[in-house]
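Structural description and commentary
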Amino acid sequence: MTTLTKTEDAPVPAGPDSFLSVRDLHVRFSTEDGVVKAVDGLSFDLERGKTLGIVGESGSGKSVTNLAVLGLHNPKSTEITGEITLDGETLTGAREKTLEKLRGNKMAMIFQDALAALSPYYTVGRQIAEPFIKHTGASKREGRQRAIEMLTKVGIPQPNLRVDDYPHQFSGGMRQRAMIAMALVCNPALLIADEPTTALDVTVQAQILDLLKDLQQEFGSAIILITHDLGVVANTADDLLVMYAGRAVERGSVKEILTQPQHPYTWGLLSSMPRLSSDVNEALNPIPGAPPSLLDPPTGCAFHPRCGFVDEVAGASCTGDRPSLALGRAAACHLNAEQKQTFFTEQIKPRLG
Ligand SMILES: Nc1ncnc2c1ncn2[C@@H]1O[C@H](COP(=O)(O)OP(=O)(O)OP(=O)(O)O)[C@@H](O)[C@H]1O
Ligand code: SF4
Ligand SMILES: [Mg+2]
């Protein structure tokens, strides 16, 4: 388990082994309709050599959190508070020049949208080589060689020819692999992979996940893996952060969360997954309702309008008090430990098969 924070509301300092530390992060966007509270008091730590999985429905703030780590939000329309440190260096409020130096070299991101991340005007090879040349001082020729090597690593056939192709000459899956090559070219110490394998077929998906594991073993990189696929997390991540409406609602080791989940939202996510053993005609159990608008999130526990356990909590705590996330293995929910255990064992576990 990585070091965990005491509560979302009163975070403790980063642990001694923390490589990336995020404390009480808030990210707000000013829009015509009002202020979007995309990330609302998030804290977590990540050690070197570890993989943290981040899961949550669409719009829960996964990408926004990680773009904040890389310093990629537009400062004119984005308000960021809290503290992010990488290897002891404070990133929040750092000068653009400092962040630029770190991006692509010490920290890199595999973006969710491969097409948007690659420029249509430059060859794939040039785009892969660019950060390598910039950060290592290699020559153009060495850069091209490195690009071919990376294209080979991510499984592009005939890499010495395809290195001169433009992104539109690549298929969707190949573009995604090219972007992965671009992110890995400088062996980053922190790699953020945002849905890195969604557009890929299962065999290539496995190759890419293996490649990330190799990178980690060779260089001790820390990885954040954002995914909708709890199966990917189960095989790849050490720890897991479950996000809902811009907040962390549960965290722990992958094993703890997959075998003994404590939060009704996590129960919903697990119950809505297709089971290998299930009949093809068996209906899935989606979480009722939809994620809230982040312009005006619900009071108290943000999950309360969709939660089937509100009546189990005395008084109006679910609607009135925001549950905090305690130290260590934790779930932000007003149910007591005994209730969490009983409801999971009696109502949820039988559904998971
Ligand atoms: N630049 C922006 N301006 C205004 N709102 C934004 C902006 N970027 C993101 N948002 C909003 O912030 C919220 C969180 O978005 P984010 O992209 O982090 O979701 P996500 O968890 O990555 O979802 P997905 O799984 O679909 O990728 C969403 O409501 C989104 O609409
Ligand atoms: S705090 Fe209340 S509404 Fe939120 S998950 Fe727990 S039981 Fe459900
Ligand atoms: Mg996203």
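We now turn to the structure provided with this report.

Quick notes on the rules
Residues numbered from 1 in each chain as written. Chains lettered and ligands numbered in written order. Predicted model: local features only at pLDDT ≥ 70, side-chain atom pairs only at ≥ 80, totals over all residues. Near = placed C-beta within 6 Å. Helix = DSSP H or I, 4+ residues; strand = E, 2+ residues; numbered from the N terminus. Nonpolar A, V, L, I, M, F, W, Y, C, P; charged D, E, K, R; others polar. Pairing = 2+ DSSP bridges. Contact = placed C-beta atoms within 7 Å. Axes fitted to C-alpha atoms, helices over the stretch in contact; angles between N-to-C directions. Left-handed = near helix turned anticlockwise from the far one by under 90°. Buried ≥ 20, exposed ≤ 12 C-beta atoms within 10 Å, placed from the backbone. Expected span 1.5 Å × (residues − 1). Parallel < 35°, antiparallel > 145°, perpendicular 65-115°, else oblique.

To continue, consider the site of ligand 1. Lining the immediate surroundings of ligand 1 are 14 residues, of which Ala38, Ser58, Lys62, Ser63 and Val64 lie closest. Element by element, the count of residues in the shell around ligand 1 is highest for helix H1 (residues 62-70), at three residues. By residue class, the composition of the shell around ligand 1 is five nonpolar, eight polar and one charged.

It is worth spelling out the site of ligand 2 at this point. In the vicinity of ligand 2 lie 13 residues, with Cys301, His304, Cys307, Cys318 and Cys333 positioned nearest. Its residues assigned to classes, the shell around ligand 2 shows 11 nonpolar, two polar and no charged.

Whether parallel or antiparallel, the strands of a sheet pair through hydrogen bonds between backbone atoms. Across the sheet, seven strands lie side by side as S6-S7-S8-S3-S9-S10-S11; this open sheet has mixed pairing. Sheet topology places strand S6 (107-110) and strand S11 (330-331) at the edges, where each strand pairs with a single neighbour. Across four bridges, strand S3 (residues 51-55) lies against strand S9 (residues 239-244) in parallel orientation. Residue pairing across strands places Val55 opposite Val242, the latter belonging to S9. Its contacts with the sheet place helix H11 (residues 264-271) against S3, S9 and strand S10 (247-253), and it is angled at close to 100° to S9.

The next point concerns the environment of Asn74. Mapped onto the fold, Asn74 is located in the loop between H1 and strand S4 (78-86). Separated by 103 residues in sequence, Asn74 and Arg177 have C-alpha atoms that sit 27 Å apart.

This next bit is on the packing of helix H4 (residues 124-136) against helix H5 (residues 140-153). Relative to each other, H4 and H5 sit at 120°, their axes nearing to 8 Å. The chirality of how H4 crosses H5 is right-handed. Between H4, through Gly125, Ile128, Ala129, Phe132 and Ile133, and H5, the contact on the second element is made entirely by Lys140, Gly143, Arg144, Arg146, Ala147 and Met150. Here the contact of H4 with H5 is composed, by residue class, of six nonpolar, two polar and three charged.

When strand S1 (residues 18-31) meets S4, the two strands line up antiparallel, connected through eight bridges. In the strand pairing of S4, Ser21 is matched with Thr85. Taken together, the two bridges between S4 and strand S5 (residues 89-90) define a ladder with antiparallel strand orientation. Bridged to Thr85 within S5 is Thr90. Linking two consecutive strands that pair antiparallel, namely S4 and S5, is a turn of two residues; a positive phi of about 55° is found at Asp87 within it.

Here we come to the sheet that holds S4. If you walk across this open sheet you meet the four strands as S2-S1-S4-S5, and the pairing is antiparallel. At either margin of the open sheet sits one strand with a lone partner, and together these are strand S2 (34-47) and S5. Where S1 meets S2, 11 bridges bridge the pair, whose relative direction is antiparallel. Bridge assignment links Arg28 to a residue of S2, and that residue is Lys37.

The next thing to look at is the environment of Pro196. Locating Pro196 in the fold gives a position in the loop between strand S7 (190-194) and helix H8 (202-219). When near neighbours in sequence (up to four residues on either side) are disregarded, Pro196 contacts Ile110, Ile180 and Ile208.

To continue, consider the pairing of S9. Most of S9 is tucked away, with six of its six residues classed as buried. Of the two faces of S9, the one lined by Asp239, Leu241 and Met243 and the one lined by Leu240, Val242 and Tyr244 are each fully buried. Relative to S10, S9 runs antiparallel, the two sharing six bridges. Bridging across to S10, Leu241 finds its partner in Arg251. Turn length for the S9-S10 hairpin, with the two strands adjacent in sequence and antiparallel, is two residues, and the turn residue Ala245 shows positive phi of about 50°.

A word on unusual backbone geometry. Notably, Asp87 is not glycine yet its phi reads approximately 55°, a positive angle. Following the sequence through the fold, Asp87 ends up in the loop between S4 and S5. Looking at Asp87, the number of C-beta atoms within 10 Å reads 16, which means it is partly exposed. Unusually for a residue other than glycine, Glu195 sits at a positive phi of about 50°. Along the chain, Glu195 turns up in the loop between S7 and H8. The class of Glu195 is partly exposed, set by 19 C-beta atoms lying within 10 Å.

So, on to H5. The end-to-end C-alpha separation of H5 is 20 Å, in line with the 20 Å expected for 14 residues at 1.5 Å each. Every buried residue of H5 is accounted for by Gly143, Arg144, Arg146, Ala147, Ile148, Met150 and Leu151. Contacts made by the buried residues of H5 are with H4, helix H6 (159-162) and helix H7 (172-184). Immediately downstream of H5, the backbone of Gly155 shows phi near 80°, a positive value.

Moving on: the packing of H11 against helix H13 (residues 337-352). Between H11 and H13, the least distance of the axes is 9 Å, while the angle of their chain directions is 20°. Relative to H13, the element H11 lies roughly parallel. When you trace H11 past H13, the crossing you get is left-handed. Counting all contacts with H11, which are made through Trp267, Leu270 and Ser271, the residues of H13 involved are Phe344, Ile348, Arg351 and Leu352. In the contact of H11 with H13, the residues fall into five nonpolar, one polar and one charged.

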